[in-house]
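Architecture at a glance
Chain residues, written in single-letter form:
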Amino acid sequence: MSRLGLGAVLLAGGLSACSPTRLLQPGQRLLSRVKIEGTDQADAERLQALVQQKPNSTFPLPKVAIYQLGRSFYNRERIQQKLDEDRTKYDQLIKAAATDSAEAGKLLTKRERHTRRHQLALDKGNAIMRLGEAPVIYDSSLTATSVKQLGIFLKSKGFFRSAVAVTDTVPTERFAPFRIFALKSPFHADSQRVTVTYRIQEGPAFHYSQLDYDIADTAIARRVLASQPESQLRVGQQYDEEVIGSERNRIETLLKNQGYFDFREQYITLEADTSFAPTSVRLRTIISKPARGEQHRLYTIRGVNFITDAGLVRFGLQRDTLVRDSVNYLAYKHRFSTRALDRKLLVRPGQPYSLAKTQQTQRQLSSLDMFRFSTLTYRRVRGSEAPADSAKGLLDATVNASPAKKFQETTEFGGTYVAEKVGPFGNVRLKVRNVFGGAEVLEFGVRAGFEGQYNLTGLTQGGVESKNLRSQLTTQLGANVNLVLPRFLVPWQGGRYFARYNPRTRFNTAYTYVKRPEYTRTNLEGTLDYLWQPSTYAQVVLTPVDVSVIRTASIDPAFRDTLEQLRINQGSPLYRSFDNLFIPSFNATYLYNSNNFTQTLNAQYLRLFVEFGGLTRGLYQKEPLTSYRDDLRSNRLKVYDFGKITVDYRRYYKLTPSTYFVYRLSGGVATALSSTKLTTVNKDGSEAVTETLYLIPYDKSLFAGGSTSVRAWKPRRLGPGSYATTRIPRNSTTPVRDYNTEQPGEVLLEGNVEYRFPIYSFIKGALFTDFGNLWTLRNDPRPGAEFKLNQFYRQFAVGSGIGFRFDFDFLILRLDVATKVYDPSAIGSNWVIRKFSLREDQSAFNLGIGYPF
């Protein structure tokens, strides 16, 4: 302990002696701190972002210290010498290989790679220096620029009488606790550091007292005045140039959607008069005429041409033209149904020009997944073709669409490391576009893989489990067929009313085969889905038909006994997952997501899911049902009725351009709608037991834990409530915790809080805390498993950890390391963080693709 203490003192003393001020040249000072004072109403965060110089960051790592570490063995002269040597070397090799163009090309590539690496080291330092940050040298000219920027921003927000003053304090008072170990005072004044303080005097905020309009074009005036209820400006609001800019954009979009193809935002001017009354603004919206002094021109679509093979050239041949609903479809060979394309085309001859319909048509064509690109352009009709009335104009619209490949094959190979086993897997997908000529998409998928799993029965002897569970590879095979139609498949004509919502019909069939040492299980599922988008960020999926057939072909006797013991001793419903089930249901999903793939927006996410199944089982299933314990093949398919509702809400706050605060709240209920009488018998017919149970299909249960849930627990292993599942090791009568048995539940509540920040280049970091649990609804023999209003809030499990995200733009790889903080089912103290370790019963490592939420 004395050596450890001495080492800590020496390390701390070394840190106190290691200062970035050692890197300063004479006359230079280090920017230590930036403060903004006096902001009562203005946005302090926005003001902070306008400051031109910011001190070095220290979270999560002291980046100046990292830079200083790299600089300690940085030799600029040696790098320059190496750069010159490489250039000379490769120039000679290229000259010698001048007659061999292939070899010369390879040498050019190598020279470029080597020189680029050395030049990067010369410009920005070595790799360690680039991981850190160079000291921020104080620049008074940038401070003066910051003062101007802050003043401009304040006036743009209505603080017309504001003022900004600045002081740069030298020396700077600092608190350095490590100086204590060097026998120095922790408080000291550093003459080589500068603290910059911006003092804001906001003054009164100006508000709109009157909103006037000055519009020379009477037709434009009628449209703009009629849209006043949608205006972003209101009497009494604070003056804000950002909102004024948004209002200009709104008026431009409004007029472009009503036929004014030529209208631009430059025609709109907003004048502010602050002399009318104290702290008030009279705002006048002026819309001028075109420069030539005429009225703004309304445009109508004269004709629409749709070229479905743009980019293809057939010398000496003319494209053939088919006409549908006054639209010309041109192609050398017509491969796409004009009816299917016509449903996606919202721009029609005879209609006024509309920016909204133009953009929506482009989105609709893109969503077809039929074309590599599609553009919609307009040509003004001029000269003798133009109408005599100068107030009216004509446009010819042309859609240029270049077809994508008819066949697209995707192959993936990889591996997993689970339960101490390496498991290879492979996926092959084939997409066939326009399979029937109506812009349909047909997909085939085949997957096969092996994955390590613990044998839940262990090495059994006399029905008692061994202490250590065996790790074995399982076989997983699957296939699916997916057909997507670009319309609603309904017995009546939908017309073009639904076209704006991008309607689709999807048929899907999937088969899964799982073979483990304990059992062999299959699942055949078929669905019919209707999908549409009521808005840009929202999607609705209605599934009127969802049918599954689940069969257990075989089960190991030892595993069957284990399931029976769990059912008898602990009331676990796990054994029900191995019955033969027929699951008919219908469901609906509403999804709202205003974020992007990389989750870099200030956004929201909401997913609502409702499902009901087995409602008509009384028409074709008589009770009591029979379950043969020893002969699964003899079991007839069983139907359970159930209802399920889940909600998932996420909120993304963008704190700075590269840091985010994210939280997620999720919950759900899954329950049987009526009771089921079930008789369980042995193969010989003995020991028949009839029970009245509330059963739901195991696959429809709720689960907690895993990489997108409470990450400190294994997938589907958290809960129920405060009940601790146990098992009895071999040669022992004392039960121990069982962390490998899945825990289905009927009530789920969970949440996540995460702070995301950059680390270096494409590497991002996260600090997170997860909480949640699941419970059963009805009386349960397991103490603490039932959901009760007076105690559920004390049964939340809590886990925390750190995450790393490797953002390659097209792919995001994720590693999360989480540890249990509070375990409501722990034996002894629930605060298990006191026994922190990286063992699998305390911590979990989660690998994944994309963000967890």
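Our subject is the structure that appears above.
Report follows, based on the coordinates. (Residues numbered from 1 in each chain as written. Predicted model: local features only at pLDDT ≥ 70, side-chain atom pairs only at ≥ 80, totals over all residues. Heavy atoms only, no water.)

1. With respect to the overall build of the protein
What counts here: Under the scheme used here, helices are H or I runs from DSSP no shorter than 4 residues and strands are E runs no shorter than 2 residues, and both carry numbers assigned from the N terminus. For every residue, the accessible area (1.4 Å probe, protein chains only) is compared with the maximum for its type, and the residue is labelled buried under 20%, exposed over 50%, or partly exposed between those bounds. Pairs of residues are marked as contacts when any of their non-hydrogen atoms sit within 4.5 Å. Residue-level accessible areas treat just the shown protein chains as cover; the underlying method is Shrake-Rupley with a 1.4 Å probe.
Looking only at helices and strands, one finds twelve helices and 34 strands in the protein. Taken along its principal axes, the extent of the C-alpha atoms in the protein is 100 × 90 × 80 Å. Within the span of the protein, comprising 853 residues, buried residues form 42% of the whole. The long-range fraction of contacts in the protein, counting pairs at least 24 apart against all pairs at least 6 apart in sequence, stands at 65%. Summed over all atoms, the accessible surface of the protein reaches about 44,900 Å², with 55% contributed by carbon and sulfur.

2. Side note on the sheet that holds strand β7 (residues 268-273)
Note the following rule: Strand pairing is assigned whenever DSSP identifies at least 2 bridges connecting the two strands. Orientation is described by lines fitted to C-alpha atoms, with helices fitted over the stretch in contact, and by angles between N-to-C directions that extend from 0 to 180 degrees.
Strand order in the open sheet formed by three strands is β6-β8-β7, and the pairing between neighbours is mixed. Sheet topology places β6 (207-215) and β7 at the edges, where each strand pairs with a single neighbour. If you compare each strand with its neighbour and ignore which way they point, the axes differ by 20 degrees on average. Across eight bridges, the pairing between β6 and strand β8 (residues 280-287) is parallel. Paired with I215 across the strands is I287, a residue of β8. Where helix α8 (residues 218-226) meets the sheet, its contacts fall on β6 and β8, and the angle it forms with β6 comes to roughly 150 degrees. Relative to the sheet, helix α9 (residues 241-256) contacts β6, β7 and β8, its axis offset from that of β7 by approximately 145 degrees.

3. Details of the pattern of salt bridges
For the record, the criterion: Within this document, salt bridges are pairs made up of a side-chain nitrogen of Lys or Arg and a carboxyl oxygen of Asp or Glu, the two lying within 4 Å of each other.
As enumerated under the stated definition, the model contains 43 salt bridges in all. D91 is the salt-bridge partner of R111, the closest N and O atoms lying 2.6 Å from each other. Here the residue R111 occupies a position in helix α5 (residues 101-124), and D91 occupies one in helix α4 (residues 76-96), the gap between them amounting to 20 residues. D91 gets classed as partly exposed once you look at its relative accessible area, which sits at 39%. Here R711 makes a salt bridge to E754, at a shortest N to O gap of 3.0 Å. Of this pair, R711 sits in the loop between β27 (689-693) and β28 (726-727) while E754 is found in strand β30 (residues 747-760), placing the two residues 43 residues apart along the sequence. Neither R711 nor E754 differs from the other in exposure class; each is buried. If you follow the salt bridges from partner to partner, you end up with R711, E754, R756, D770, R805, R814 and D816 in one network.

4. Brief notes about the packing of α4 against α5
Note the cut-off: Angle categories are assigned with fixed cut-offs, so that under 35 degrees is roughly parallel, over 145 is roughly antiparallel, 65 to 115 is roughly perpendicular, and the rest are oblique. Here the nonpolar group is Ala, Val, Leu, Ile, Met, Phe, Trp, Tyr, Cys and Pro; Asp, Glu, Lys and Arg are the charged ones; every other residue, Gly included, is treated as polar.
Contact geometry of α4 with α5 gives a least axis separation of 10 Å together with a crossing angle of 170 degrees. Accordingly, the angle class assigned to the pair α4 and α5 is roughly antiparallel. Contacts between α4 and α5 involve R76, I79, Q80, K82, L83, D86, R87, Y90, D91, L93 and I94 from the former and L107, L108, K110, R111, H114, T115, H118, Q119, A121 and L122 from the latter. Grouping the amino acids of the contact of α4 with α5 by side-chain chemistry returns nine nonpolar, five polar and seven charged.

5. Overview of the nonpolar core
A general tendency of soluble globular proteins is for nonpolar side chains to be buried together. Heads up, the condition is: Buried Ala, Val, Leu, Ile, Met, Phe, Trp, Tyr and Cys residues form a nonpolar core when they are joined through side-chain atoms within 4.5 Å.
Among the nonpolar cores identified, the biggest contains 27 residues, and I301, F306, Y353 and Y378 are the most heavily contacted of them. Elements with a contribution of two residues or more to this core: β9 (298-307), β11 (327-331), α10 (338-344), α11 (355-367), β12 (371-380) and β13 (392-403). Here F306 is in contact with N328, Y329, L330, L341, L345, L365, V399 and A401, once residues within four sequence places are set aside. Core analysis: the next-biggest nonpolar cluster, separate from the first, contains 23 residues, L625, L702, L774 and A797 among them.

6. Focus on unusual backbone geometry
Peptide bonds are mostly trans, and most non-glycine residues show a negative phi. A cis amide bond links E623 to the next residue, P624, at an omega of 5 degrees. Residue placement: P624 occurs in the loop between β22 (603-613) and β23 (625-628). Cis geometry is found at the peptide bond from G719 to P720, where omega equals -5 degrees. Topologically, P720 is positioned in the loop between β27 and β28. A positive phi angle, close to 70 degrees, is found at S326, a residue other than glycine. Among the structural elements, S326 can be located in the loop between β10 (320-324) and β11.

7. A short note on a positive patch on the surface
Just so we agree on the cut-off: Each patch is assembled from residues with relative accessible area greater than 30% and no salt bridge, linking like charges that lie within 9 Å and nonpolar side chains (Val, Leu, Ile, Met, Phe, Trp, Tyr) that lie within 5 Å. Working convention for charge: Lys and Arg count positive, Asp and Glu count negative, and His plus the chain ends are omitted. Positions of charges follow a simple convention, taking NZ of Lys, CZ of Arg, CG of Asp or CD of Glu.
There is a patch of like positive charges on the surface, built from K89, K106, K110, R113 and R117. The biggest single contributor to the positive patch is α5, with four residues. Its place among the elements puts K106 in helix α5.

8. A closer look at a nonpolar patch on the surface
A surface patch of nonpolar side chains, about 360 Å² in accessible area, is lined by Y590, L608, V610, I645 and V647. Tracing the chain through its elements places V610 in strand β22. Overall, the relative accessible area of 34% leaves V610 in the partly exposed class.

9. Regarding the pairing of strand β24 (residues 642-656)
In terms of strand pairing, β22 meets β24 through eleven bridges, oriented antiparallel. Of the residues in β24, the one forming a bridge with E611 is K644. Pairing between β24 and strand β25 (residues 659-672): 14 bridges, direction antiparallel. From the neighbouring strand, R650 faces β25, where its bridge partner is R664. Here β24 hands over to β25 after two residues, the two strands then running antiparallel side by side.

10. Some words on the sheet that holds β13
What the five strands build is an open sheet, ordered β10-β11-β9-β13-β12; its pairing is mixed. With one partner strand each, in any of the chains shown, β10 and β12 form the two edges of the open sheet. Here the average twist between neighbouring strands, direction ignored, is 25 degrees. Of the strand pairs in this sheet, β9 and β11 are connected by four bridges, and their pairing is parallel. Considered in β11, the bridge of V304 is made with V327.

11. Concerning the environment of Y592
If you trace the backbone, Y592 turns up in strand β21 (residues 581-593). Counting along the chain gives 57 residues from Y592 to S535, while the straight-line C-alpha distance between them is 9.0 Å.

12. Side note on the packing of aromatic side chains
What counts is decided by this rule: A pair of aromatic rings is counted whenever rings of Phe, Tyr or Trp (Trp by its six-membered ring) have centres within 6.5 Å, and the orientation is called stacked for planes under 30 degrees apart, edge-to-face for over 60 and tilted otherwise. The rule for a charge over a ring is simple: NZ of Lys or CZ of Arg within 6 Å of the ring centre, and within 35 degrees of the ring normal.
With the rule as written, the count across this model stands at 28 aromatic pairs. When the ring of Y698 is compared with that of F703, the centres are 5.5 Å apart and the planes differ by 65 degrees; the resulting orientation is edge-to-face. Summarising the burial analysis for this pair, Y698 and F703 share the class buried. Where F771 meets F796, the ring centres are 6.1 Å apart and the plane angle is 90 degrees; that geometry is what we call edge-to-face. Here F796 lies in the loop between β31 (763-775) and β32 (797-807) and F771 lies in strand β31, a separation of 25 residues in the sequence. In this structure F771 comes out as partly exposed when scored by relative accessible area, which is 27%. Taken together, F771, W775, F787, F792, Y793 and F796 form an aromatic cluster joined through their ring pairs. Sitting above the plane of the F276 ring, R282 keeps its charged end 4.4 Å from the centroid. One residue, R650, lies across the ring of Y605, its end atom 4.1 Å from the ring centre.

13. Description of α8
Stated precisely, the cut-off is as follows: Pairs of N or O atoms are called polar contacts if they sit within 3.5 Å, as long as, within protein, a hydrogen donor faces a hydrogen acceptor (for residues adjacent in sequence, only side-chain-to-side-chain pairs).
Listed in full, the buried residues belonging to α8 are A219, I220, A221 and V224. Buried positions along α8 lie against β6, α9 and β8. Capping the start of α8, D217 holds a side-chain oxygen 3.0 Å from the backbone nitrogen of A219, two or three residues further along.

Keep in mind that these numbers describe shape and distance, not what the molecule does.
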